[in-house]
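Examination of the molecular architecture
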Amino acid sequence: MGSGGCASPRARETYPRAVEYFQRNLTVRTRAVPPGQELPDLLESLPEGVSPDTDPVCWIRNGSGLVGWGEAARVETSGGERFVEADERWRELVAGMDVDDEVGLPGTGPVAFTSIAFADDPGSSVLIVPEVVIGQRAGVRWITTIGGGRREVREAPPAAAPGTVRYSDGNFPATRYGQAVAEAVHRMRESESLDKVVLAHDLLATTSEPLRGRYLLDNLTRRYPDCWTFAVDGLVGATPELLLRRAGDEVNSRVLAGTAWPRDGRPQHQLVTELIDSAKNRGEHTHAVRSLARELEPFCKELDVPSTPEVLRLRNVLHLASDVSGRLDPALVENGEAGLLRLTRAVHPTAAVGGTPTARAIELIDELEEMDRGRYSGPVGWQDAEGNGEFGIALRCARITEDADGGSRARLFAGCGVVADSDPDTEVAEAEAKMLPVREALEGLR
Ligand SMILES: C=C(O[C@@H]1C=C(C(=O)O)C=C[C@H]1O)C(=O)O
């Protein structure tokens, strides 16, 4: 995003390991793990380290998914064409690989863990091809090695806690966030050209000891097993929102918008009823579902969009949720136009993280959010050589970097859909509730 109307210079997210490389003719081997053979759980096989060689990548839900480590290849793209460039580069890379895949399921063979910037500018997007990937789905276990020899997989001890955790204002503190929400509400009441905008802010956590990716992953998967727990290039979180899953000609999405959270001693059943009956939340939700369906429909021969949302219950919040499913147009599957990155390019940003209408909402985010979102609220997940894969929306997450004094920094993000009848203080409290998963994981709550 550009400089917008802000007087203060906006801090940019920087990615220090922005070195791009790949070798030609990488050798890729996928082998099924025989049922009798013991392998540690997915997370338990991850080395805890923080170096590029051992920094884990992860995508796990309810014990299934993919984890990996090492970097056989890394591709970075940016700008408005970041999706298309990433797609082209991935295809080029895969075309040059020597693949021997004995399993042949989505997620076997070469995979790229992917994290895409929210905005066209600024921001960098990354594809990481690990050296080792361990996958598990529906009782099938596999291991893929990419480049080099076979790595030894052994159970790694749990990561050490990061010492004392301290919180301070991020680039866009909660007080200024509240003011921005008030301004957005004012604009929406004054003018008819914007129905919804999602505004976010950040919070800084510093730890006295190094914060290992594995530490957060262990705690997040334990407390949020139904969310997609992810780690890609230092962005670690547990998102409840699936942007797109593609497997062959099937496509799925879990759209969320509309939130309630425990407060004032209200029992959960009351929160559920209030959420379902809230015209404001239903309106926010409808915008998000419509934005996804509108962009996905041209790729599909069938698309099933529920007429009323369900309630998703998590420890920290409840959301209105709609599970959308579709069948892709076979001609587009055939000619590669319906690969996961292409589909994602079409649907991002949905009104769950952008707004309605999209272009106007993005302008306002650019103007009012005094921070760079980086990859927060962008697509995050994995894709394989066939264009299958899963991308969540990078929510309930933090960007981890090393600190000069031997500890680490975690930049936490959270945002809320703002409509004409939003109340700024309530949105500030909602964003606080959305930061809880990462805060509790940092503090070691299990
Ligand atoms: C933007 C976030 O969450 C999104 C906004 C929601 C809302 O406004 O009700 C709900 C779920 C997400 O789609 C976030 O968690 O940071």
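Residues numbered from 1 in each chain as written. Predicted model: local features only at pLDDT ≥ 70, side-chain atom pairs only at ≥ 80, totals over all residues.

If you look the protein up in an unreviewed UniProt entry, it shows as isochorismate synthase from Actinopolyspora saharensis. As its UniProt record puts it under Sequence similarities (unreviewed entry), the protein is described as follows: "Belongs to the isochorismate synthase family." Its UniProt record gives the protein the following Catalytic activity (unreviewed entry) comment, quoted word for word: "chorismate = isochorismate". (UniProt positions renumbered as here; feature names shortened; annotations may be inferred.)

We now examine the overall build of the protein. Within the protein, the regular secondary structure consists of 9 helices and 24 strands. In terms of C-alpha radius of gyration, the protein reaches 21 Å, essentially the compact-globule figure of 22 Å for 446 residues. Considered along the principal axes of its C-alpha atoms, the protein spans approximately 60 × 55 × 45 Å. Here the protein holds 446 residues, and the buried ones make up 50% of them. Long-range contacts, defined here as pairs at least 24 residues apart, represent 77% of the contacts in the protein between residues at least 6 apart. (Helix = DSSP H or I, 4+ residues; strand = E, 2+ residues; numbered from the N terminus. Rg over C-alpha atoms; globule rule 2.2 N^0.38 Å. Buried ≥ 20, exposed ≤ 12 C-beta atoms within 10 Å, placed from the backbone. Contact = placed C-beta atoms within 7 Å.)

Before going further, it helps to examine helix H2 (residues 174-190). In an α-helix, one turn spans 3.6 residues; hence positions three or four apart end up facing the same way. The end-to-end C-alpha separation of H2 is 24 Å, in line with the 24 Å expected for 17 residues at 1.5 Å each. Against strand S12 (196-207), helix H8 (358-368), strand S24 (408-418) and helix H9 (424-442) lie the buried residues of H2. (Expected span 1.5 Å × (residues − 1).)

So, about the nonpolar core. Ranked by internal contacts, the top residues of the largest apolar core, which has 124 residues, are Val 67, Ala 184, Val 197, Leu 199, Cys 397 and Leu 412. With near-sequence residues (within four places) excluded, Ala 184 lies in contact with Val 197, Leu 199, Leu 364, Leu 368 and Val 418. (Core = buried A, V, L, I, M, F, W, Y, C linked by C-beta atoms within 7 Å.)

Buried residues dominate strand S19 (residues 318-328), accounting for 8 of its 11 residues. Note that strand S16 (residues 250-260) and S19 share 9 bridges and pair antiparallel. Note on S19: the bridge partner recorded for Leu 256 is Ala 321. Of the pairings in the sheet, the one linking strand S17 (residues 300-304) to S19 comprises 4 bridges and is antiparallel in character. Across the sheet, residue Cys 300 finds its bridge partner in S19, namely Leu 328. Looking at chain direction, strand S18 (residues 310-313) and S19 are connected through 4 bridges and run antiparallel. (Pairing = 2+ DSSP bridges.)

The buried count for helix H3 (residues 213-223) comes to 9 of 11 residues, which makes it a mostly enclosed element. Taken together, the buried positions of H3 are Gly 213, Arg 214, Tyr 215, Leu 216, Leu 217, Asp 218, Asn 219, Leu 220 and Thr 221. Check the buried side of H3 and you find it contacts strand S3 (57-61), strand S13 (228-232), strand S14 (235-239), strand S23 (397-402) and H9.

A word on the site of the ligand. Residues in close proximity to the ligand total 19 residues, the closest being Thr 259, Ala 352, Leu 395, Gly 415 and Gly 417. Residue assignment for the shell around the ligand shows that the elements contributing at least two residues are S12, S16 and S24. Counted by class, the shell around the ligand contains 9 nonpolar, 6 polar and 4 charged residues. (Near = placed C-beta within 6 Å. Nonpolar A, V, L, I, M, F, W, Y, C, P; charged D, E, K, R; others polar.)

This brings us to the UniProt feature "domain: Chorismate-utilising enzyme C-terminal" (unreviewed entry) in the protein. The sites that UniProt annotates as "domain: Chorismate-utilising enzyme C-terminal" (unreviewed entry) are residues 175-434. Across residues 175-434, helical content stands at 35% and strand content at 34%; the span's end C-alpha atoms are separated by 16 Å.

Here we come to the environment of Gln 268. With respect to the element layout, Gln 268 can be found in helix H4 (residues 268-277). Residue classification places Gln 268 among the exposed residues on the basis of 12 C-beta atoms within 10 Å. It is 20 Å that separates the C-alpha atoms of Gln 268 and His 285, two residues lying 17 residues apart in sequence.

Here we come to the packing of helix H1 (residues 82-95) against helix H7 (residues 340-347). Axis separation between H1 and H7 bottoms out at 9 Å; the angle between their running directions is 180°. Overall, the two elements H1 and H7 adopt an arrangement that is roughly antiparallel. Residues Phe 83, Val 84, Ala 86 and Asp 87 of H1 pack against Leu 341, Arg 342, Thr 344 and Arg 345 of H7. When the residues that make up the contact of H1 with H7 are grouped by side-chain class, the tally is 4 nonpolar, 1 polar and 3 charged. (Axes fitted to C-alpha atoms, helices over the stretch in contact; angles between N-to-C directions. Parallel < 35°, antiparallel > 145°, perpendicular 65-115°, else oblique.)

Turning next to unusual backbone geometry. Cis geometry marks the peptide bond from Asp 121 to Pro 122, where omega comes out at -5°. Cis peptide bonds are those with omega within 30 degrees of zero, and the linkage from His 348 to Pro 349 qualifies with -10°. Along the chain, the position of Pro 349 falls in the loop between H7 and strand S20 (355-356). Although it is not a glycine, Asn 62 adopts a positive phi angle of roughly 50°. Using a count of 11 C-beta atoms within 10 Å as the deciding quantity, one classes Asn 62 as exposed. At Ser 377, a position not held by glycine, the phi torsion is positive, near 70°. Within the secondary structure layout, Ser 377 lies in the loop between H8 and strand S21 (379-384).

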